[in-house]
Amino acid sequence: MHLDWGPDVVAFRAELVAFLDEHAPPQTRTRRDFATSDSDQIIPGWAKEWQATLFDHGWMIPGYPPELGGRNATPVQTLVYLEEMAARGIPRSLHFPGYAIVAPSLLEYGTPEQRAMAPAAIRGDTVWCIGMSEPNAGSDLAGLQTRAVQDGDRFIVNGQKVWTSYAMVAQRCCLYVRTDPDAPKHKGISLLILDMDTPGIDIRPLTHINGNADFAEVFLTDVEVPVANLVGALNDGWRMTQGSLAHERAGLWVEGVARLEQTITGLVDLAHRRGVAHDPIVRRRIAEGYQRAASLRALGYKGFTSFAQGAAAPEHSYMKLASSELGKELYELGMEIQGAYGPVIDEERGEEAGRWPLSFFVSFANTIAGGTSEIQRNIIAQRVLGLPRA
Amino acid sequence: MNFSLTDDQELLRDSARHLLEHQCPPALLRAHTDDLTAADDLWHLLDDFVPLGIGPLVDLCVFMEALGSVAAPVPFFSTACLYAPVLEAIGEHDLDSVLDGHATGTVAVAGADGVWHPNAESRKTFVPDAARVDLVAAVNADGAVTLLAAPPVRRIETLDTTRPLYDVETAVPGTSAGVISRAALDDVLLRATVALAAEMVGTARRLFDMTLAYAKERIQFDVPIGSFQAVQHKLADMSLDVERAWSAVYYAAMAVDAGDPDRTRAMHVAKAAAGEAARRAAKDGIQIHGGIGFTMEHDLHLFLRRALASEALLGTTGDHHDRLAELLF
Ligand SMILES: Cc1cc2nc3c(=O)[nH]c(=O)nc-3n(C[C@H](O)[C@H](O)[C@H](O)COP(=O)(O)OP(=O)(O)OC[C@H]3O[C@@H](n4cnc5c(N)ncnc54)[C@H](O)[C@@H]3O)c2cc1C
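Cut-offs and rules
Residues numbered from 1 in each chain as written. Chains lettered and ligands numbered in written order. Predicted model: local features only at pLDDT ≥ 70, side-chain atom pairs only at ≥ 80, totals over all residues. Heavy atoms only, no water. Helix = DSSP H or I, 4+ residues; strand = E, 2+ residues; numbered from the N terminus. Domains from an automatic or database assignment. Contact = heavy atoms within 4.5 Å. Buried area = accessible area lost by both parts, 1.4 Å probe. Salt bridge = Lys/Arg side-chain N within 4 Å of Asp/Glu carboxyl O. Polar contact = N/O pair within 3.5 Å; in protein donor to acceptor, adjacent residues only side chain to side chain. Nonpolar A, V, L, I, M, F, W, Y, C, P; charged D, E, K, R; others polar. Buried < 20%, exposed > 50% of the residue type's maximum accessible area, 1.4 Å probe, protein only. Phe/Tyr/Trp six-rings, centres within 6.5 Å; stacked < 30°, edge-to-face > 60°. Patch = residues over 30% accessible without salt bridge, like charges linked within 9 Å, V, L, I, M, F, W, Y side chains within 5 Å. Areas by Shrake-Rupley, 256 points an atom, 1.4 Å probe, with all protein chains shown as cover. Near = heavy atom within 4 Å. Core = buried A, V, L, I, M, F, W, Y, C linked by side-chain atoms within 4.5 Å. Axes fitted to C-alpha atoms, helices over the stretch in contact; angles between N-to-C directions. Parallel < 35°, antiparallel > 145°, perpendicular 65-115°, else oblique. Left-handed = near helix turned anticlockwise from the far one by under 90°.

**Student:** Summarise the environment of G138 of chain A; cite the residues concerned and give the values.
**Tutor:** As for its position among the elements, G138 of chain A is in the loop between strand 1 (128-131) and strand 2 (147-151). Between the C-alpha atoms of G138 of chain A and F361 of chain A, which are 223 residues apart in sequence, the distance is 20 Å.

**Student:** Let's hear about the domain arrangement of chain A: which residues, and what values?
**Tutor:** Residue and element names in this part refer to chain A. Here chain A is described as being made up of domain 1 (7-94), domain 2 (128-234) and domain 3 (239-384). Domain 1 and domain 3 are separated by 21 Å when their C-alpha centres are compared. Opposite the 19 residues of domain 1 that make contact, domain 3 presents 21 residues. Here domain 1 and domain 3 share an interface that buries about 1600 Å² over both sides, 67% of which is from carbon and sulfur atoms. Taken together, domain 1 and domain 3 are joined by zero salt bridges. Counting across the domain 1 and domain 3 interface gives three residue pairs in polar contact (both at pLDDT 80 or more). Looking at the side of domain 1 that touches domain 3 residue by residue, the classes come out as 11 nonpolar, four polar and four charged.

**Student:** Which residues make up the side chain of T367 of chain A, and what values go with them?
**Tutor:** Residues and elements named next belong to chain A. On the secondary structure map, T367 appears in the loop between helix 11 (355-366) and helix 12 (373-384). The class of T367 is buried, set by a relative accessible area of 6%. A polar contact is formed between the side chain of T367 and the backbone oxygen of F364, at a distance of 3.1 Å. Setting aside chain neighbours within four positions, we find T367 in contact with K320, S324, E325, K328, T372 and S373.

**Student:** Could you give me a rundown of the pattern of salt bridges, with the residues and numbers involved?
**Tutor:** All told, the structure shown has 37 salt bridges over all chains when counted by the stated rule. E315 of chain A serves as the salt-bridge partner of K302 of chain A, at 3.5 Å between the closest nitrogen and oxygen. On the criterion of sequence distance, the pair formed by K302 of chain A in helix 9 (residues 280-308) and E315 of chain A in helix 10 (residues 315-337) is long-range, its members being 13 residues apart. You'll find K302 of chain A and E315 of chain A in the same group, each marked buried. A salt bridge links E311 of chain B to R279 of chain B, with the shortest nitrogen-to-oxygen separation between them at 3.0 Å. Here the residue E311 of chain B occupies a position in helix 10 (residues 300-312), and R279 of chain B occupies one in helix 9 (residues 263-289), the gap between them amounting to 32 residues. A network of salt bridges, in which partner residues are shared, links R13, D21, E83, E84 and R88 of chain A.

**Student:** Can you tell me about the packing of aromatic side chains, naming the residues and giving the values?
**Tutor:** Residues and elements named next belong to chain A. Within the structure shown, the criterion is met by 17 aromatic pairs over all chains. Ring geometry for F12 versus W59: centroids 5.3 Å apart, planes at 65°, classification edge-to-face. Linking F12 in helix 1 (residues 8-23) with W59 in the loop between helix 2 (45-56) and helix 3 (75-87), this pair joins segments that are 47 residues apart in sequence. We classify F12 as buried; its relative accessible area is 7%. When the centroid spacing of 6.1 Å and the interplanar angle of 75° are considered together, the rings of F96 and Y166 count as edge-to-face. Here F96, found in helix 4 (residues 96-109), pairs with Y166, found in the loop between strand 3 (154-165) and strand 4 (172-178); they are 70 residues apart in sequence, far enough to count as distant. Residue classification places F96 among the partly exposed residues on the basis of a relative accessible area of 41%.

**Student:** Any details on a nonpolar patch on the surface? Residues and values, ideally.
**Tutor:** On the surface, I209, F361, F364 and I368 of chain A cluster together into a nonpolar patch covering about 380 Å² of accessible area. Structurally, the position occupied by I368 of chain A is in the loop between helix 11 and helix 12.

**Student:** Any details on the site of the ligand? Residues and values, ideally.
**Tutor:** Close contacts around the ligand come from 18 residues, with S133, S139, W163, T372 and E374 of chain A the closest. One finds residues of chains A and B in close proximity to the ligand. Between a nitrogen atom of the ligand and a main-chain N or O atom of I130 of chain A, the distance comes to 2.9 Å. Separating a nitrogen atom of the ligand from a backbone N or O atom of W163 of chain A is a distance of 3.0 Å. Contact with the protein chains hides 65% of the accessible area of the ligand, taken as 970 Å² for the molecule alone. Per-class residue counts for the shell around the ligand are eight nonpolar, nine polar and one charged. Split by domain, the residues of the shell around the ligand number at least three in each of domain 2 (128-234) and domain 3 (239-384) of chain A.

**Student:** Can you break down the nonpolar core residue by residue, with the values?
**Tutor:** Among the nonpolar cores identified, the biggest contains 200 residues, and F76 and L235 of chain B are the most heavily contacted of them. Of all the elements, helix 7 (residues 182-217) of chain B adds the most residues to this core, at 19 residues. For L235 of chain B, the contacting residues outside a window of four places in its chain are L385 and L387 of chain A together with F208, T211, L212, A215 and I288 of chain B. Counting 22 residues, the second-largest nonpolar core is a separate cluster that includes I43, A167, M196 and I201 of chain A.

**Student:** Tell me about the packing of helix 4 (residues 57-70) of chain B against helix 7 of chain B, and please be specific about residues and values.
**Tutor:** Residue and element names in this part refer to chain B. One way to put it is that helix 4 packs onto helix 7 with a least axis distance of 7 Å and a crossing angle of 40°. When the axis of helix 4 is compared with that of helix 7, the two are oblique. Classified by chirality, the crossing of helix 7 by helix 4 is right-handed. Contacts from L57, L60, C61, M64, E65, G68, S69 and V70 of helix 4 reach helix 7 at R191, V194, A195, L196, A198, E199, G202, T203, R205 and R206. Residues that form the contact of helix 4 with helix 7 fall into these classes: nine nonpolar, four polar and five charged.

Here it is, written out as structure tokens:
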């Protein structure tokens, strides 16, 4: 056991820091830990340019080769990259589906033509959305019913998706459809690439509880998709629902933990401003938050160690569960510290333009999206601890 | 930050586990409850490991974790984690006989409030193993260390019998052994606290493992109780707490070994995280066992007792959070 990562990391970090100092736009340097819209655009112009700049300099996904926006970084270097970005609160992109989920799946399962779509997805030139969830298929994703029927060289698609983030601005969608209604539910699902300007698609934005309209319902009526847009084999879509950046997965927790740590620093400042910095209960609760974030960081590194040695790292589910739940508690504490002012978002009267109540709202998404906390506990119990299914 | 054990550390862990699994069964803990000498043979098998007390903290933690998982009723913590480092800090030549396994000892610091801060009170409290070690090193308000042979002691009855605690009357004749600076004493206690946290993680994991195994074998409503989601989610939360506490402990140990500036915070985090893990494992462990877990016949309570007693020693979870707050505000 040792604390440092060795010498090859030092030069790597220095190069990254120099790049960030030179290129990161001012909007990425606000160190905000909350998502209130500072623009009426879902993906503002500066964010598009920033993502392209990262790609062109090999800093978008460092573990990938240069043609995919990387520099063939080692796993440890990738972790250092994620750490440094998170510590500075600099986002890579304001739309994660393309680079984090779609591109890795296309590269792993796609035809040569489909693989060729990956660079634009990573650079952010193409905005992608993910059509998984449906009104009757949330946690039970395999219950999805959107139907695709093959007719010669095309599929005819009918059905409805929901909670589809970025649907209103996306050019393409990774659409999960049922192609064999008679097979067991996991075995009749296929993955299609859908062009969002195809006739028959009706997108109705849904507003998040914090006021942003970042996801939508997507209605599909007799939508034609060329058979060439089938990713992988017919009825083999289920295993592609798990796709994400495999080589980054062991480090993706860093961003969440760094945000927790920044939130704790914010709580200490808030307690001073509100005159409760000497309240023993407030102090203890903030310290508990610090302890939980710090022990999670240690657990993240432990998981990364196993991952880097090629062992399975179940820490991913632990990290998702614990950091999303802790985040919610910390924002709630921030509101509580303000007493009657807890829910105030009025810039003149409240603290930090509603940072605490609005972040509290946003934090609900983290314990729901990408597998709810209950589903994470099921995964831990059944896949990590080996308990029998009900 | 590399969390993998070296080959030597793995060997240490495996041999400690192997030895303890055979030599420290729950029956020994029960026998020791009535007769402290019941663990003497076990101690003679373990005294070879005393030098770990003044070596790298990661190695010491590996060993302590193994001791915790069997709630070993031996004066290792007092001798190796407290006494030997105090003798080392004051340059006491008797250290050699301790490292050889010939002499045992413990350290008395806390006064009536139970807090391990140097103070002028002559009656020291919460001194581990005071009646069964050769010497008690009493530390007074200005750090003067006096070695006492068989001072008057009074056993403090606690929930736990595996690590007996005592009041010690230190205003009795003894040998002046030198002065330990405040910084040196803080260092000894910092290491001892992390080592104790490692031991607690071992105990918490034992409680968790027993409970997980039981959840897989106990049948109700024709199925294993571990298939009920209410039980699964408790176990998932228990294992999360154990895993994060384990990681926090070894991070702290690495930080201490490296002299990293984060080491004091990391120590508080480790003890508090281990306290939370141990407490949850103890409480939910009993709950998931149902009635059988509430009986003296079952072994679970042996570990429950040790977990709760360790949580209160060298600062409770709440104390460590409060001291952490001092560093954050
Ligand atoms: C901000 C945000 C963005 C999203 N973006 C996308 C996107 O881009 N594309 C997409 O396809 N989807 C997206 N989603 C949908 C998301 O994946 C689902 O909301 C999530 O999987 C939960 O499904 P559900 O909402 O239908 O809830 P349900 O599955 O109906 O769950 C309701 C409650 O029941 C509990 N529950 C369900 N099953 C179990 C079980 N087996 N055991 C215990 N408890 C259970 C859940 O934990 C939850 O508390 C997004 C969601 C949010 C909040």
